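Coordinates in review
Letter by letter, the chains look like this.
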Amino acid sequence: QKEVEQDPGPLSVPEGAIVSLNCTYSNSAFQYFMWYRQYSRKGPELLMYTYSSGNKEDGRFTAQVDKSSKYISLFIRDSQPSDSATYLCAMRDDKIIFGKGTRLHILP
Amino acid sequence: DSGVTQTPKHLITATGQRVTLRCSPRSGDLSVYWYQQSLDQGLQFLIQYYNGEERAKGNILERFSAQQFPDLHSELNLSSLELGDSALYFCASSVDADTQYFGPGTRLTVL
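**With respect to the interface of chain B and chain A**
With 17 residues of chain B at the contact, the number on the chain A side is 15 residues. Together, the buried faces of chain B and chain A total about 1,300 Å²; carbon and sulfur atoms form 56% of this surface. Counting residues per element, the ones that place at least two in the side of chain B that touches chain A are β4 (31-38), β5 (42-50) and β10 (100-102) of chain B. Here the side of chain B that touches chain A takes three residues from β5 of chain B, the largest share from any one element. Residues that form the side of chain B that touches chain A fall into these classes: seven nonpolar, seven polar and three charged.

This is the structure we're talking about:
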């Protein structure tokens, strides 16, 4: 079993919809959870950072961590075409491990 | 713009050759991380330096090495290149481990 699993997509949703992106993981030692957004031909940029379980909200973005289920989510409300990108989950104990990323397309 | 710079943007070379990728971190960031991104493996952590010292090692091959200089810029050296080394190589810098700022990457093509 891979340490971090993430559906590669692509995921296509209409503009304005709520998007749900998810990752599962196997290592219960992970304490820090992150979501990065990567536009085509660019480096990843940090979107959200969460420590341990719970929710964190930043504008249209909400990150959710369920350590009991080893499951993390990123919700995007009122999705925009500019949200079209690849979203990578990441988690860390002493080293950071990235998911392979989900490609998201927001259709105008 | 993250403030992290990487050169060159693109590199095309032949198998068996050696190349050097360069990274300048954001002003004030002491940590530099190197990553390899390929379609099949995703983003893989290679190595981290903190203020000139190696701090953590990931999936870095023995043919690869890195260093961080006193001015905090870093270089990743890739030698005896193979076709499978073709990938995007990213550098990131940070103040803390969880807020990493990525550079634009170097696209390496090994022919």
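**Some words on the sheet that holds strand β3 (residues 19-25) of chain A**
Two pairing modes exist for strands in a sheet, parallel and antiparallel, and in both the strands are linked by backbone hydrogen bonds. Residues and elements named next belong to chain A. If you trace the five strands from one edge of the open sheet to the other, you get β1-β3-β8-β7-β6, paired in antiparallel fashion. Either end of the sheet is taken by a strand with one partner, and the two such strands are β1 (4-6) and β6 (54-58). Across the sheet, the mean angle from the axis of one strand to that of its neighbour is 15°, orientation sign disregarded. Bridge analysis of β6 against strand β7 (residues 61-66) gives five bridges, and the strand direction is antiparallel.

**Observations regarding the pairing of strand β8 (residues 71-76) of chain A**
All names here are of chain A. Bridge count between β3 and β8: six bridges; the pairing is antiparallel. Residue pairing for β8: Thr24 is matched across the bridge by Tyr71. Of the pairings in the sheet, the one linking β7 to β8 comprises six bridges and is antiparallel in character. Looking at β8, one finds that Asp66 is bridged to Tyr71. Linking β7 to β8, which pair antiparallel, is a turn of four residues; within it Lys70 sits at a positive phi near 55°.

**Examining the nonpolar core**
Ranked by size, the top nonpolar core spans 23 residues in total, and within it Trp35, Ile72, Leu74, Tyr87 and Met91 of chain A carry the most contacts. Not counting the four nearest positions on each side in its chain, Met91 of chain A is found in contact with Val4, Cys23, Tyr25, Phe30, Tyr32, Phe33, Met34, Ile72, Ile96 and Ile97 of chain A. One finds Leu21, Trp34, Leu81 and Tyr89 of chain B within the second-largest nonpolar core, a separate group that totals 20 residues.

Scoring rules and cut-offs
- Residues numbered from 1 in each chain as written.
- Chains lettered and ligands numbered in written order.
- Predicted model: local features only at pLDDT ≥ 70, side-chain atom pairs only at ≥ 80, totals over all residues.
- Heavy atoms only, no water.
- Contact = heavy atoms within 4.5 Å.
- Buried area = accessible area lost by both parts, 1.4 Å probe.
- Helix = DSSP H or I, 4+ residues; strand = E, 2+ residues; numbered from the N terminus.
- Nonpolar A, V, L, I, M, F, W, Y, C, P; charged D, E, K, R; others polar.
- Pairing = 2+ DSSP bridges.
- Axes fitted to C-alpha atoms, helices over the stretch in contact; angles between N-to-C directions.
- Core = buried A, V, L, I, M, F, W, Y, C linked by side-chain atoms within 4.5 Å.
- Buried < 20%, exposed > 50% of the residue type's maximum accessible area, 1.4 Å probe, protein only.

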